[in-house]
Amino acid sequence: RRLRGAAARPGALALLDRLFEETPRPLLVAQLHRRLRELVEVRSALDAGATVTAIAKARKLHPFRTEVLAGQAARWTLAELRAALEGLLALDLRFKNVPPATEAQQRLDLVLWLLEQVAQRPSRSTRPVARPGHPTVAAAGQRTGRLGSL
């Protein structure tokens, strides 16, 4: 059984610590940026009424990956995704400041950014989740609400 919400946070923070130890900051931020950018693009296409199949063809993505992205994007509004992306870009600039932030400050900044994104979100169980490939995916693009999980 997967833990969700507040019950999952201690494990998630432990994983984040491990990730910090094993992954250079620029790579970590780049990976988060890529995922958020993909979610913005998919959410935008869903809002425009595109199907998962059409998105996969247009973006030259594997259909399964597109389904996963569509399911994740359906939990966010386009404005929320853009705000998260802007926050991540601001975080990246703080990491690159001269003098650069200490490792402890970088960790704290990233944890605070992640918590800001997650803390405002309801649990997944309070929001209907679109099934990619199902006609409700386009409708899911029309739903609004607080932030979902990354």
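All chains use their own residue numbering, which begins from 1 and follows the written sequence. Under the rules for a predicted model, residues below a pLDDT of 70 receive no local features and side-chain atom pairs below 80 are neither given nor counted, while totals for whole chains, interfaces and linings still include all residues. By convention in this description, side-chain values take in all heavy atoms of the structure and omit both hydrogens and water.

Trainee: Whenever I open this one, the overall build of the protein chain confuses me. Can you help?
Mentor: Along its length, the protein chain carries seven helices and zero strands. Counting from the amino terminus, the protein chain carries its helices and strands in the arrangement α-α-α-α-α-α-α. We call two residues in contact whenever any of their non-hydrogen atoms come within 4.5 Å of each other. Once local pairs closer than 6 in sequence are excluded, the contacts in the protein chain between residues at least 24 apart make up 76%. Shrake-Rupley sampling with a 1.4 Å probe provides the accessible areas, and residues are treated as covered by the protein chains on show and by no other component. Per element, the accessible surface of the protein chain, about 8900 Å² overall, is 60% carbon and sulfur. Every helix listed is a DSSP run of H or I at least four residues long, and every strand listed is a run of E at least two residues long, numbered separately from the N terminus.

Trainee: Quick question: what am I supposed to make of the nonpolar core here?
Mentor: One recurring pattern in soluble globular proteins: nonpolar side chains tend to sit buried together. Put simply, buried Ala, Val, Leu, Ile, Met, Phe, Trp, Tyr and Cys residues joined by side-chain atoms within 4.5 Å make one nonpolar core. Exposure categories follow from relative accessible area, calculated using a 1.4 Å probe and restricted to protein chains: below 20% of the type maximum is buried, above 50% is exposed, and the middle band is partly exposed. With 28 residues, the main nonpolar core has Leu36, Val42, Leu88, Leu110 and Trp113 as its most contacted residues. Of all the secondary structure elements, the ones that give two or more residues to this core are helix H1 (9-22), helix H2 (25-47), helix H3 (52-59), helix H4 (63-73), helix H5 (78-96) and helix H6 (103-119). Of the residues forming this core, the biggest block, nine residues, is contributed by H2.

Trainee: Can you help me understand the pattern of salt bridges in this one?
Mentor: Pairs can form between side chains of opposite charge once their charged atoms are near each other. A pair is scored as a salt bridge if a Lys or Arg side-chain nitrogen falls within 4 Å of a carboxyl oxygen belonging to Asp or Glu. Tallying each qualifying case throughout the model produces 13 salt bridges. A salt bridge links aspartate 109 to arginine 94; the shortest N-O distance between them is 3.6 Å. Placement of the pair is aspartate 109 in helix H6 and arginine 94 in helix H5, with a sequence separation of 15 residues. What makes aspartate 109 buried here is its relative accessible area of 10%. Take arginine 94: its relative accessible area is 37%, and that puts it in the partly exposed class. Beyond isolated ion pairs, a larger network of salt bridges with shared partners links Asp17, Glu21, Arg25, Glu103 and Arg107.

Trainee: So what exactly am I meant to see when it comes to the packing of H3 against H4 here?
Mentor: Two packed helices can be described by the angle between their axes and the distance between those axes. Every axis corresponds to a line fitted to the C-alpha atoms, with the helix fit spanning only the stretch in contact, and the corresponding angles, defined between N-to-C directions, vary from 0 to 180 degrees. Between H3 and H4, whose axes approach to 9 Å, the crossing angle comes to 120°. As far as their axial angle goes, H4 and H3 are oblique. Seen along the crossing, H3 lies across H4 with a hand that is right-handed. Contacts between H3 and H4 involve Val52, Ile55, Ala56 and Arg59 on the former and, on the latter, Pro63, Thr66, Glu67, Leu69 and Ala70. Roughly parallel covers angles under 35 degrees, roughly antiparallel covers those over 145, roughly perpendicular covers 65 to 115, and oblique covers all other angles. Should the near helix be turned anticlockwise from the far one by less than a right angle, the crossing is termed left-handed; should it be turned clockwise, right-handed.

Trainee: So what exactly am I meant to see when it comes to unusual backbone geometry here?
Mentor: Most of the time, phi is negative for any residue but glycine, and the peptide bond is trans. In this model, lysine 60 sits at a positive phi of 55°, which is unusual for a non-glycine residue. Mapped onto the elements, lysine 60 comes out in the loop between H3 and H4.

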